[in-house]
Amino acid sequence: MGISNRNSILYGTKKFVASREGVLGVFAVLFFVVLCFTSNFSTDLYSYFKDVSYMILAGLALMLVIMTGNIDISSGTVLGVVGFVAGNLLKMGVPVPFVILASMLVGMLNSAIIGFITVRFRVPSMVVSLAMVKLHIGIFPLLPNAGWVSNMPQSVIDMGNTKIFGFVPVLLLFSLAVLIFLVWFMKYTRFGKKIYAVGGSAESAKLAGIKSDKVTFIVFLMSGALLGLTSVVFWLPSSQVQPSGTIGMDMTFITIAVVSGVSMLGGTGKPIGVLFSAALIAMLQRACILWQLGNAWLYTFYGIIVIMAVFSSVTDFEKFKSKFAFGKTTSLKGRA
Amino acid sequence: MSTILKLENIHKSFPGVRALYNMQIELEKGELHAVCGENGAGKSTLMKVITGVYKADKGDIYLNGEKITIKEPNDAYGKGIAIIFQETSLFKDLTVLENLFMGHEPTRKTLGFVNHIDYPAMIKKAKEIFAFLGIDIPLDAKVDSLGVASKQMVEIAKALTYGAKILILDEPTAALTNKEVRALFDTIARLKKDGISMLYISHRMEEIFEIADRVTVIRDGEFVKTANIGDVTEKQLIAWMVGREMDDLYPKVEVQIGKPILKVEHLSKRNVLSDISFEVKQGEIFGIAGLAGAGRTELAECICGLMKHEEGNVSFLDQPFNVKSYREAIDKGVVYVSEDRKKYGLIVPMTIKENMTLSVLYKISKMSFVNFKKEKGIIGDYMRKLGVKAPNEDFIVDNLSGGNQQKVLVAKALAAAPKILILDEPTRGVDVGAKAEIHRIISNLAKEGMSIIMISSDMPELLGMSDRLMVVKHGKKIGELERSDFSQEKVLEMAL
């Protein structure tokens, strides 16, 4: 942290291992080792890293939104919408940087709608984003070719599949760069601090002169931009865009965010945690493919992991006790 | 000495309640000015007006002789006025350092254009402030992990990061141990020396006499007096705080008082209640007096199973009364009417009818189907008996006035056919007319043989209605008074 004067290596290591990020990191490494020994995993390393690339970005997008006490269920299907736009632009020969920009704008537009309705009319973002999901799913079949964009230019596909050392996708480096920027952003900007404040306690934030609504709306915009980038990273290496394939991906993204350590109640969360949880979830997904377990098992694992992650955030036993033990002064809560 | 803050002619009303009337106060540079008054005298409202949480209806605020308006809390900070809340306003998931500078972190530019938070500058300033206050709290500790006293110190330090010149301390010692209080007073002395002015709200007379320079007494939202602390005695202060004539608002009905029906013996709960014993007789109105936070509500909650006590016995009609849940207490005839009617008493978006029968649905339903005829019967009775003023029983409770809401709440309690009714602040936020009606209802219930425990911060009400009363302080019973011995001064002296 640099704030502490207790910065011996031993202390730092201990602290890291004891933290959630540390636990996740260790877990991911173990998982990785096991898989290397039990399957032909090493040949799939490239595919794995490709998954990690888009999962990091989506995890960050969801983490930000959840930190303010909101949620975005449309984060899966919006990839389909963005993919349709971006795919067609690429086919029209628009240069990649402009396509990236356009993708971010489409993502931001979607999130802006959710954010605006949530903030302005006090509708829970859960409901608003659910409506957006239905809207997306409804629109897909109405698009030309049901939104499918095939025969993408080979040059674009090649660009998406650029790799270093034969197994590290360039897209991963791109995602890591975004991640590093967000780590910096959350720690070193006032706005980053405000996001923690708004999610932590709306009342205290107000007393500190922070405009919660404004912060929440901007966070939605940021999240939308990140989802736009997610789409680019997700679709760029593939030869076609198939929007309906994105249905249900939102749950994967929410899982990543929750496992990264963000509290569903808002106020906590660290971008670096997303790196580990994206690594873990992508690993799980790859494992289920390699072992041919199918989606049924994958979803079962997701469910178990989310429950474990949520539970581990309440295993601060003192907190747990004071919340559920008998005789707390708030014992009237929940009475009919 | 020069006047730094001056309030003149401040008026503030809430629907049905006059919170502040022609209030004034003057604060000098470097002085510690205590503000005294009973519960509900308007101290907190006054502080909230000064810090911009509420906007005064009328009146002027002068800072250093200049007239100012404070629109919101952030405005007050900007003008150097900060309040240290009883309930701290810190972010518990963030570190001490992040909390100190939330919203106004020092920034610096790297490469000439990347503006970012300057952690070294933050740490330096925080260390300076901590050294000045004489406190030692690790800056990277999470606020959640700190004790109450440390949190308070962080709050004070936070005020100083804004460059506050005026601090408002609202009952700062309420949750502190003796040692922590000494440390706080030490810090306060340092602040005073540095020319920082403080408004200090406290109920603890000995503290006021120890650290205050001047004291202002307010009563019923009105200014009473400001005096140098050397010129007054404790007795005088209490007399100013009370200073109100008893009126005939209270229709006390002579009632035949019967045998004891509820006995509480040595009730204790760590940090909340210690060794409380009393009896309530049939047909009696038993008052419980004390300051807010003295343990009155907790006592009631322990009796009726909403909270668990650790030691002691409760017996009811000569049977041990150890209920495990509030449901059981209702079934046995002990019903509690909460002080916070919107939070715990009524479900405001529902109708009068639905609220009234909520706790007795099992009595009027078969196999989960509500018998509407029976329901209507019950409701009609109470609507008439309690005089609830509403177009019909399908009226949404949220749209009723405070007084009528309170009546619905009492009706809901009565529908459960209680033998003992525990009323917690039955007339809070209710206008004068409705207050009298509620008092009439309470008197009539007692006449019908119901025993009533009445917890109230409204002294005239408590003295006017009760047959007997008990005073509690810091969770301990201070004493019991018979009706013939009642006086406001006596009760207040015991409670403070």
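Residues numbered from 1 in each chain as written. Chains lettered and ligands numbered in written order. Predicted model: local features only at pLDDT ≥ 70, side-chain atom pairs only at ≥ 80, totals over all residues.

With that out of the way, let us pick up the overall build of chain A. Broken down by element type, chain A carries 15 helices and two strands. The 336 residues of chain A split such that 42% are buried. Considering only contacts within chain A whose residues lie at least 6 apart along the sequence, 79% involve residues at least 24 apart. (Helix = DSSP H or I, 4+ residues; strand = E, 2+ residues; numbered from the N terminus. Buried ≥ 20, exposed ≤ 12 C-beta atoms within 10 Å, placed from the backbone. Contact = placed C-beta atoms within 7 Å.)

For the rest of this paragraph, the subject is the overall build of chain B. A tally of regular secondary structure across chain B gives 17 helices and 24 strands. Here chain B has a C-alpha radius of gyration of 25 Å; the compact-globule value for 496 residues is 23 Å, and the two agree. By principal-axis analysis of the C-alpha atoms, chain B measures approximately 80 × 55 × 45 Å. Taking contacts inside chain B between residues at least 6 apart in sequence as the whole, the part at least 24 apart equals 69%. (Rg over C-alpha atoms; globule rule 2.2 N^0.38 Å.)

Our focus in this paragraph is the sheet that holds strand E13 (residues 260-269) of chain B. Hydrogen bonds between backbone groups are what pair the strands of a sheet, and the pairing can be parallel or antiparallel. All names here are of chain B. Spatially, E14-E13-E16-E17 is the arrangement adopted by the four strands of the open sheet, whose pairing is antiparallel. This sheet does not close on itself; its edge strands, each paired only once, are strand E14 (273-281) and strand E17 (319-320). Strands in contact with helix H9 (residues 296-303) are E13, E14 and strand E16 (311-316); relative to E14, the strand with the most contacts, it is inclined by about 70°. (Pairing = 2+ DSSP bridges. Axes fitted to C-alpha atoms, helices over the stretch in contact; angles between N-to-C directions.)

All names here are of chain B. The strand order across the open sheet built from six strands is E18-E21-E22-E15-E23-E24, with neighbouring strands paired in mixed fashion. Two strands in the sheet have a free side with no partner beyond their single neighbour: strand E18 (334-337) and strand E24 (476-482). The sheet shows a mean angle of 20° between the axes of neighbouring strands, taken without regard to direction. Strands in contact with helix H17 (residues 488-495) are strand E15 (285-289), strand E23 (468-473) and E24; relative to E23, the strand with the most contacts, it is inclined by about 30°.

Take the domain arrangement of chain B next. Residues and elements named next belong to chain B. For chain B, the assigned domains are domain 1 (3-242) and domain 2 (260-495). A C-alpha centroid distance of 36 Å is found between domain 1 and domain 2. Facing the eleven residues of domain 1 at the interface are twelve residues of domain 2. No other element matches helix H8 (residues 234-242), which puts four residues into the side of domain 1 that touches domain 2. Here the residues of the side of domain 1 that touches domain 2 sort into six nonpolar, four polar and one charged. (Domains from an automatic or database assignment. Nonpolar A, V, L, I, M, F, W, Y, C, P; charged D, E, K, R; others polar.)

If you look at the interface, chain B gives 31 residues, while chain A gives 28 residues. It is helix H2 (residues 73-78) of chain B that contributes the most residues to the side of chain B that touches chain A, three residues altogether. Taken together, the residues of the side of chain B that touches chain A break down into 16 nonpolar, six polar and nine charged.

By size, the foremost hydrophobic cluster in this structure holds 150 residues, and its most contacted members are A:Leu57, A:Leu62, A:Ile256, A:Ala278 and B:Leu167. For this core, the leading source of residues is helix H3 (residues 45-67) of chain A, giving 16 residues. Dropping the residues within four chain positions of it, A:Ile256 is found in contact with A:Met55, A:Ala58, A:Gly59, A:Leu62, A:Val274, A:Ser277, A:Ala278 and A:Ile281. (Core = buried A, V, L, I, M, F, W, Y, C linked by C-beta atoms within 7 Å.)

The next subject is the packing of helix H9 (residues 190-200) of chain A against helix H11 (residues 212-235) of chain A. All names here are of chain A. One way to put it is that H9 packs onto H11 with a least axis distance of 10 Å and a crossing angle of 115°. Between H9 and H11, the crossing angle belongs to the class labelled roughly perpendicular. Where H9 crosses over H11, the two elements pack in a sense that is left-handed. Side by side, H9 and H11 meet where Lys 194, Ile 195 and Val 198 of the first sit next to Ser 212, Val 215, Thr 216 and Val 219 of the second. In the contact of H9 with H11, the residues fall into four nonpolar, two polar and one charged. (Parallel < 35°, antiparallel > 145°, perpendicular 65-115°, else oblique. Left-handed = near helix turned anticlockwise from the far one by under 90°.)

What follows concerns the pairing of strand E21 (residues 420-424) of chain B. Residues and elements named next belong to chain B. Across the five residues that make up E21, a large majority, five, are buried. On E21, burial covers both faces: Ile 420, Ile 422 and Asp 424 on one face and Leu 421 and Leu 423 on the other are all buried. Relative to E21, E18 runs parallel, the two being bridged by four bridges. Paired with Tyr 336 across the two strands is Ile 422, which belongs to E21.

Residues and elements named next belong to chain A. Taken N-terminus to C-terminus, the directions of helix H4 (residues 77-91) and helix H5 (residues 96-121) make an angle of 150°; their axes are 9 Å apart at the nearest point. With respect to H5, the element H4 is oriented roughly antiparallel. For the pair H4 and H5, the crossing hand works out as right-handed. Taken together, the residues of H5 that come into contact with H4 (itself represented by Val 78, Val 81, Val 82, Val 85, Ala 86, Leu 89 and Leu 90) are Val 99, Ala 102, Ser 103, Val 106, Gly 107 and Asn 110. The residue inventory of the contact of H4 with H5, partitioned by class, reads ten nonpolar, three polar and no charged.

Counting along an α-helix, one turn takes 3.6 residues, and residues three or four places apart therefore face a common direction. All names here are of chain A. Under the 1.5 Å per step criterion, the end-to-end length of helix H6 (residues 125-139) is 21 Å for 15 residues, consistent within 8% with the ideal 21 Å. Of all the positions in H6, only Ser 125, Val 128, Ser 129, Met 132 and His 136 are classed as buried. Projected down its long axis, H6 shows its buried positions confined to an angular sector of 90°, all on one face. Residues of H6 that are exposed and angled more than 90 degrees away from the buried face: Lys 134 and Gly 138. Of the surrounding secondary structure, the elements contacted by the buried residues of H6 are H4 and H5. (Expected span 1.5 Å × (residues − 1). Arc of directions from axis to C-beta.)

Residue and element names in this part refer to chain A. Although it is not a glycine, Ala 146 sits at a positive phi angle of roughly 55°. Note on placement: Ala 146 falls in the loop between H6 and helix H7 (154-160). Residue class for Ala 146 comes out exposed when judged on the 12 C-beta atoms lying within 10 Å of it.

Next up on the list: the environment of A:Val128. Residues and elements named next belong to chain A. Within the secondary structure, Val 128 is located in helix H6. Considering only alpha carbons, one finds Val 128 and Asp 72, 56 residues apart in sequence, at a separation of 8.4 Å. The residues contacting Val 128, other than those within four sequence positions of it, are Ile 114, Ile 117, Thr 118 and Val 123.

The next point concerns the environment of A:Asn145. By the element assignment, A:Asn145 lies in the loop between H6 and H7. C-alpha of A:Asn145 to C-alpha of A:Ala287: the two residues are 142 residues apart in sequence and 33 Å apart in space.

Before going further, it helps to examine the pairing of strand E7 (residues 107-110) of chain B. Residue and element names in this part refer to chain B. Across four bridges, the pairing between E7 and strand E8 (residues 114-117) is antiparallel. Looking at E8, one finds that Arg 108 is bridged to His 116. Taken together, E7 and the strand that follows it, E8, pair antiparallel across an intervening segment of three residues, in which Leu 111 is found at a positive phi of about 55°.

Attention now goes to helix H4 (residues 119-133) of chain B. All names here are of chain B. Taking 1.5 Å of rise per residue, the 15 residues of H4 would be expected to cover 21 Å, and the 21 Å separating its terminal C-alpha atoms lies within 8% of that figure. Those residues of H4 that fall on the buried side of the exposure criterion are Met 122, Ala 126 and Leu 133. Taken down its axis, H4 places every buried residue within 25° of arc, on the same side. Facing away from the buried side of H4 by over 90 degrees, the exposed positions are Pro 120, Lys 124, Lys 127, Glu 128 and Ala 131. Here the buried face of H4 lies against helix H3 (96-100), E8, helix H5 (148-161) and helix H6 (178-193). Looking one or two residues past H4, Gly 134 carries a phi angle of roughly 70°, positive in sign.

Residue and element names in this part refer to chain B. One can find Tyr 200 in strand E10 (residues 197-201). Note on Tyr 200: 24 C-beta atoms within 10 Å, which makes it buried. Spatially, the C-alpha atoms of Tyr 200 and His 33 are 5.9 Å apart, while their sequence positions differ by 167 residues. The contact partners of Tyr 200, leaving out residues within four places of it in the chain, are Leu 32, His 33, Ala 34, Val 35, Leu 169 and Ala 212.

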